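Listed here are the chains, written in short residue letters.
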Amino acid sequence: ECVHINKCMEKPPVNHSVLPYLEMVVTTVCNRECRSCSNFIPYIKARAKHVSASEAKTQIEDLKKTIGVIERFQVHGGEPLLNPDLPEIMRIIINEDFIKRIRIATNGTILPSVELLSVLSGSRVKLAISNYHFNKTNIPLIEQRCKGFGVEYIIYEKQLWYEFGKNVGITFDTCPINKYPVLFDSKVYLCARICHAYSDQGQKYCIDIRDTVDLKSALHNDYLKKGCHMCNITHKLIDPGF
């Protein structure tokens, strides 16, 4: 089961700790099936789902009790723009002062809706667009829309992915992507791959934020790292999106 932090690690409602980074998965639905997806999304299609706005609101409220500040908060998937509740989810996130810089990751295959762009307009949110081989024609259109609504965006150029091989047994200290904890279904994991691939549908190697804990301290719990020993990531860089 998901780890329950000892009472000695519990904190009062006021929490001043700072977390450098956290991803929030708002959907495990995607319109691509990239074989080296670090989030394991193509292999969990049978249980893919969107996070509703009400679910997201509850998770953000619980998250606020566990951490004082999140410096960078990334909305992730799947493909976030497929979630019909994304505009309302972003309204909820933008209204939280404890969350500082915000990005939405997208594979660039979907034009953001007018409703979403209206929510993001003039806000601190950046739309982070991956420049893949399959979305070249869409990127100029997305840029045009963002500029028209005053939405900040960034294009990730010359990306490379880490290949996943046949051998398992990586350790946290040697993992090339060990600084990206992820929140999904009220639980925090060291990475999205542990969440989706190695955690028996989200029941292992995680922190339940419905417990009142100091999240930053709890992320150092050795229990969370047990999922790393099931991982088959390598240090070989490959072209993304295939």
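Residues numbered from 1 in each chain as written. Predicted model: local features only at pLDDT ≥ 70, side-chain atom pairs only at ≥ 80, totals over all residues. Heavy atoms only, no water.

So, on to the overall build of the protein chain. When you go through the protein chain residue by residue, the secondary structure sums to 6 helices and 10 strands. A compact globule built from 242 residues would reach a C-alpha radius of gyration of about 18 Å, and the protein chain, at 18 Å, matches this within 12%. For the protein chain, the share of sequence-separated contacts (at least 6 apart) that also reach a separation of at least 24 residues comes to 78%. Working note: accessible area of the protein chain is about 11600 Å², and carbon and sulfur atoms make up 51% of it. Where the 31 positive side-chain charges of the protein chain centre and where its 26 negative ones centre are 4 Å apart. (Helix = DSSP H or I, 4+ residues; strand = E, 2+ residues; numbered from the N terminus. Rg over C-alpha atoms; globule rule 2.2 N^0.38 Å. Contact = heavy atoms within 4.5 Å. Areas by Shrake-Rupley, 256 points an atom, 1.4 Å probe, with all protein chains shown as cover. Lys, Arg positive; Asp, Glu negative; His and termini not counted. Charge placed at Lys NZ, Arg CZ, Asp CG, Glu CD.)

Time to look at the confidence of the model for the protein chain. In this model, the protein chain carries a mean pLDDT of 92, and residues with pLDDT of at least 70 account for 95%. Here residues 6–12 is modelled with pLDDT under 50, and outside its nearest four sequence neighbours on either side it reaches 7 contacts, counting other chains as well. (pLDDT = per-residue confidence, 0-100.)

What follows covers the sheet that holds strand 9 (residues 207–208). Reading across the sheet, the 8 strands line up as 5-4-3-2-1-7-8-9 and stay open at both edges, with mixed pairing between neighbours. Pairing within the sheet leaves two strands with one partner each, and these edge strands are strand 5 (152–156) and strand 9. Here strand 2 (residues 69–76) pairs with strand 3 (residues 99–106) via 5 bridges, running parallel. Paired with Arg72 across the strands is Arg101, a residue of strand 3. Sheet strands in contact with helix 2 (residues 86–94) are strand 1 (18–25), strand 2, strand 3 and strand 4 (125–130), and its direction is about 160° off that of strand 3. (Pairing = 2+ DSSP bridges. Axes fitted to C-alpha atoms, helices over the stretch in contact; angles between N-to-C directions.)

Attention now goes to the nonpolar core. Counting 65 residues, the largest nonpolar core has Ile60, Leu63, Ile70, Phe73, Met90 and Ile93 as the members making the most contacts within it. At 6 residues, helix 2 tops the list of elements feeding residues into this core. Look past the residues within four positions of Ile70 in its chain and what remains in contact with it is Leu19, Leu22, Leu63, Phe98, Ile99 and Lys100. (Core = buried A, V, L, I, M, F, W, Y, C linked by side-chain atoms within 4.5 Å. Buried < 20%, exposed > 50% of the residue type's maximum accessible area, 1.4 Å probe, protein only.)

Right, let's talk about the packing of aromatic side chains for a bit. Counted by the stated rule, this structure contains 5 aromatic pairs. Between Phe40 and Tyr43, the ring centres sit 4.8 Å apart and the planes meet at 40°, which makes this aromatic pair tilted. Each ring, one from Tyr205 and one from Tyr223, has its centre 5.9 Å from the other, and the planes form 45°; the classification is tilted. With Tyr205 in the loop between helix 5 (192–197) and strand 9 and Tyr223 in the loop between helix 6 (215–218) and strand 10 (233–238), this pair connects stretches of sequence that are 18 residues apart. Tyr223 carries the same exposure label as Tyr205, and that label is buried. Through a chain of ring-to-ring contacts, three or more aromatic side chains come together here, namely Tyr132, Phe134 and Trp161. The positively charged end of Arg32 is found above the aromatic ring belonging to Phe134, 3.7 Å away from the centroid. Seen from the ring of Phe164, Arg193 lies directly overhead, with NZ or CZ sitting 3.4 Å from the centre. (Phe/Tyr/Trp six-rings, centres within 6.5 Å; stacked < 30°, edge-to-face > 60°. Lys NZ or Arg CZ within 6 Å of the ring centre and 35° of its normal.)

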